[in-house]
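Observations on the model geometry
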Amino acid sequence: MSGRMVCVDDFEEFSKKHLSKATWEFYSGGADECQTVSENRNAFKRFRLRPRFLRDVSHRDLSTTLLGERVECPICVSPTGLKDLACPQGDIYTAKVAAEMETCMVVSTFSNSSAEDIMAASPGGLKWFQMYFMPNKVFTQRLVQKVERAGYKALVVTIDLPIVGKRYSDIRNKFQLPPHVTVPNLLALKDGSEQDSAKDGRNYGMGGSPQDPTFSWKDVDWLSSITNLPIILKGILTAEDAGIALEHPGVKGILVSNHGGRQLDGVPATIEVLPEIVAAVGERLEVYLDGGVRTGTDVLKALALGARAVFVGRPAIWGLAYNGEDGVAEVLKILRNELDLAMALSGCRCPAEIKHPLVVGKEYYSKL
């Protein structure tokens, strides 16, 4: 560690220098030419802020609620698999920080600590569990029961991975998990009947999808029938699919996501599609966003365009690579403080005051 870390990009730069080439490219890379990876970040820069002044912003409250659960800040942690490649016990460290900061963490099926161990290490913190619809329904049901018993408050169901996208860097690097890195949430449920692609997660990211490619809306209803946990669909990118989600009572939220640009290259940035998703569901579903969030003003723009909260994935990884638990805490505190500052400079005292008129496309000010 050297120098003072001022912004999230500083942690990314450190990680690029200190992680192995294969690990760095696994985390930072995306599908095909990585157009969507770049656009997730660049799209935020195409929006402009219209601040309001002469408002008393001496006291600010960043808290909000997610499905009725209070969080201290609308900056949460996305599900990212294989954190131990960046730092041993990465999932546990991240969960402890999220709990201490009283925000939400989504735990990945491909975490390197079990759902139970992560919960035990960070009691009291709001945690959701990300899952795939596995080829074997018995396996899927046992996984749901496992996380229910552990105390998770929602299921975040990934819908954009019927087949794994083509990731050039992982193919070139022949990416494989080292022998000491395991995926306990899959290992604990093995009984010899699961398909090879879901047995232990060792071919994660190399063409072996954990998801059943037949997964469809009827399976969303089946999931709803076997659990009382609310379901959040992760990966919706169109108003059409958002509208269909309204027809399925178990669905309580949408996480607007393009899998960090790791699936279908060329899809829009999540901040670009956020407004149409919000317009399609109105107040009937909560809408969240991940993808490309790196600054407090990014968070402010997403909230103004209708997201109830944002989720960050890679920034947490960069924090782990920098300094483990303390590094994650530093990243999340930087983002929180930047949001607090941006709110004050925009005339907003709480998330409820962050409204759509605060943000316009850059063409609004074009004189051409």
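Small disclaimer: the values here were computed from a predicted structure and weren't measured. (Residues numbered from 1 in each chain as written. Predicted model: local features only at pLDDT ≥ 70, side-chain atom pairs only at ≥ 80, totals over all residues. Heavy atoms only, no water.)

**Notes on the overall build of the chain**
Along the chain, the regular secondary structure elements total 13 helices and 12 strands. Compactness check: the chain gives a C-alpha radius of gyration of 20 Å against a globular reference of 21 Å for 368 residues, within 12% of the reference. Expressed as lengths along the three principal axes of its C-alpha atoms, the size of the chain is roughly 65 × 50 × 45 Å. With 368 residues in all, the chain has 58% of them scored as buried. Of the contacts formed within the chain by residues at least 6 apart in sequence, a portion of 74% connects residues at least 24 apart. For the chain, the exposed surface amounts to about 15500 Å²; the carbon and sulfur share of it is 51%. Side chains of the chain give 43 positive and 45 negative charges; the mean places of these two sets differ by 3 Å. (Helix = DSSP H or I, 4+ residues; strand = E, 2+ residues; numbered from the N terminus. Rg over C-alpha atoms; globule rule 2.2 N^0.38 Å. Buried < 20%, exposed > 50% of the residue type's maximum accessible area, 1.4 Å probe, protein only. Contact = heavy atoms within 4.5 Å. Areas by Shrake-Rupley, 256 points an atom, 1.4 Å probe, with all protein chains shown as cover. Lys, Arg positive; Asp, Glu negative; His and termini not counted. Charge placed at Lys NZ, Arg CZ, Asp CG, Glu CD.)

**Focus on the nonpolar core**
By size, the foremost hydrophobic cluster in this structure holds 104 residues, and its most contacted members are Y152, L223, I254, I271, L274 and L289. Per element, the largest residue contribution to this core is 15 residues, and it comes from helix α13 (residues 314–346). Sequence-distant contacts of Y152, that is, excluding residues within four places in its chain, are made with V107, A115, I118, M119, K127, W128, F129, V147 and L229. The next biggest cluster of nonpolar side chains, apart from the first, holds 14 residues, and it includes V71, V106, V156 and A309. (Core = buried A, V, L, I, M, F, W, Y, C linked by side-chain atoms within 4.5 Å.)

**A few points about α13**
Counted at 1.5 Å a residue, the expected span for α13 with its 33 residues is 48 Å, but the 27 Å between its end C-alpha atoms falls short. At N323, α13 shows its strongest bend, of approximately 135°. Counting buried positions along α13 gives 24 out of 33 residues, so the element sits mostly inside the fold. At the C-terminal side of α13, G347 shows a positive phi close to 85°. (Expected span 1.5 Å × (residues − 1). Bend = angle between axes of the 7 residues up to and from the residue.)

**Overview of the pattern of salt bridges**
Going through the model one piece at a time under the given rule, you end up with 14 salt bridges. The salt bridge partner of D9 is R41, with a shortest N-O separation of 2.7 Å. With D9 in helix α1 (residues 8–18) and R41 in helix α3 (residues 35–42), this residue pair connects regions lying 32 residues apart in the sequence. Classification of D9 by relative accessible area gives partly exposed; the value is 34%. Judged by relative accessible area, which is 23%, R41 ranks as partly exposed. In this structure, E25 and K21 form a salt bridge, with 3.2 Å as the shortest nitrogen-oxygen distance. Of this pair, E25 and K21 both sit in helix α2 (residues 21–28), separated by 4 residues, roughly a single helical turn. Relative accessible area serves as the criterion here: at 23%, E25 is assigned to the partly exposed category. (Salt bridge = Lys/Arg side-chain N within 4 Å of Asp/Glu carboxyl O.)

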